[in-house]
Amino acid sequence: MRLQNRILKAGICLLAAASLLTGCDKKSEMVPAETSPAPKPVVIGFSQLGAESDWRSANTQSMKTTFTAENGYQLIFEDGQQKQSNQIRAIRTFIQQDVDYIVLAPVTETGWDTVLQEAKDAGIPVILLDRQVDATDDSLFTCWVGSDFELEGRKVTEWLRQYTIRKGIDPSEIHIVNIQGTIGASAQIGRTKGLARAAEENGWELLAEVPGDFTQTKGREVMAELLNMYEDLNVVYCENDNEAFGAIEAIEAAGRKAGSDLQTGEIMVISFDGVKKEAMEYVYEDKISCIGECNPDQGAMVQEVIGKLERGETPEKFSYVQEGMLTHDDTVTEVMVGGKKYPVTVVTGEKIQE
């Protein structure tokens, strides 16, 4: 651990010049005490995968507002611009700069073993943020902080199951398209698994799975194509809010309506994140029927992990943030997944202003 390498070596010298010489002037010569040097900041290299969504921007801001000079840190931030090669280059630069910790939000799960081994050999702990890596050796990273993406998918699909039961809609009447996130990203993998599992268990028709790259533009493009391909689609499962915004634009441009009333021909939009006011307003207006929250405020949890490492403690290997669910009405007030109950929050005007 790098704690020992960063302990200040300069001690405080106590200058007690007690002159008791006989015959000296009674006036004592006061020697000013040396002041302690200011503690060195903890240097953190943060490789963020990009700024593809409102969630990602909020996640970056959480890190920047946590790891400030006032809090005793120096944050070196690098935007990967959605390219793994940029992130690998950034990590190698952090190693050359001899940072104290590396925080990595990886664009995809695979392809990190070599550079993470380099960080390990340099004695620099690596903390994964949001997304995980598929490493051959899990000692290549110290710990991970983020969301349980498959659980998010399971909660949202359980909400859909309960909603259709209460509305008297037969499972055979559910025809879903999945606008996926960036293929290979942890959020995409987990949320796709959650839907695929629920569709199989409940007898829903999963018409298509198409990448939307977590962006509004791509969400709009693929939704327009899906509407032309599948006349009977009535549920759109978007793997983030930006995709949902684009999908709703395409639905309305096609003369259809996004909403929860499947019996009258509306197209139900389900989404994830819930960090932007616009998303909350869409739920309030029933353009988005349900959002599985994904909490971007992860800076404080990373700070807690670093604090433990600084004290020589061992943090949990995996730390999950707390997340809820947001819906338009109280048809479903809670869901149970894996034997645990999760509350569902109805979005009101007051909730939007919070």
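In short, a report on the structure. As a convention, each chain's residues are numbered from 1 in the sequence order in which they are written. Predicted model: local features are reported for residues with pLDDT of at least 70 only, side-chain atom pairs are reported and counted for 80 or more only, and whole-chain, interface and lining totals are derived from all residues. Side-chain metrics rest on all non-hydrogen atoms present in the structure, leaving aside hydrogens and water.

It is worth spelling out the side chain of Asp130 at this point. Here a helix means four or more residues in a row that DSSP labels H or I, a strand means two or more in a row labelled E, and each is numbered from the N terminus. Topologically, Asp130 is positioned in the loop between β4 (126-129) and β5 (143-146). Asp130 sits in the buried class, given a relative accessible area of 2%. Polar contacts here mean pairs of N or O atoms no more than 3.5 Å apart (in protein, one a potential hydrogen donor and the other a potential acceptor; neighbouring residues in sequence count only if both atoms are side-chain atoms). There is a polar contact of 2.8 Å between the side chain of Asp130 and the side chain of Arg56. Every residue pair with non-hydrogen atoms within 4.5 Å of one another is taken to be in contact. Excluding its chain neighbours within four sequence positions, the residues that come into contact with Asp130 are Trp55, Arg56, Trp144, Val145, Gly146, Ser147, Phe149 and Gln298. Relative accessibility under 20% of the residue-type maximum defines a buried residue, over 50% an exposed one, and the middle range a partly exposed one, all with a 1.4 Å probe and only protein chains included.

Any carboxyl oxygen of Asp or Glu that lies within 4 Å of a side-chain nitrogen of Lys or Arg is treated as forming a salt bridge with it. All told, the structure shown has 18 salt bridges when counted by the stated rule. Between Glu118 and Arg92 there is a salt bridge, with its nearest N and O atoms 2.8 Å apart. Pair noted here: Glu118 is in helix α3 (residues 113-121) and Arg92 is in helix α2 (residues 84-96), with a separation of 26 residues, a long-range link. Residue classification places Glu118 among the partly exposed residues on the basis of a relative accessible area of 28%. Taking relative accessible area as the criterion, Arg92 reaches 34% and is therefore assigned partly exposed. Its salt-bridge partner being Lys287, residue Glu252 comes within 3.3 Å of it at the nearest N-O pair. Of the two residues, Glu252 sits in helix α7 (residues 241-253) while Lys287 sits in the loop between α8 (277-284) and β10 (290-293), which places them 35 residues apart along the sequence. Classification of Glu252 by relative accessible area gives partly exposed; the value is 41%.

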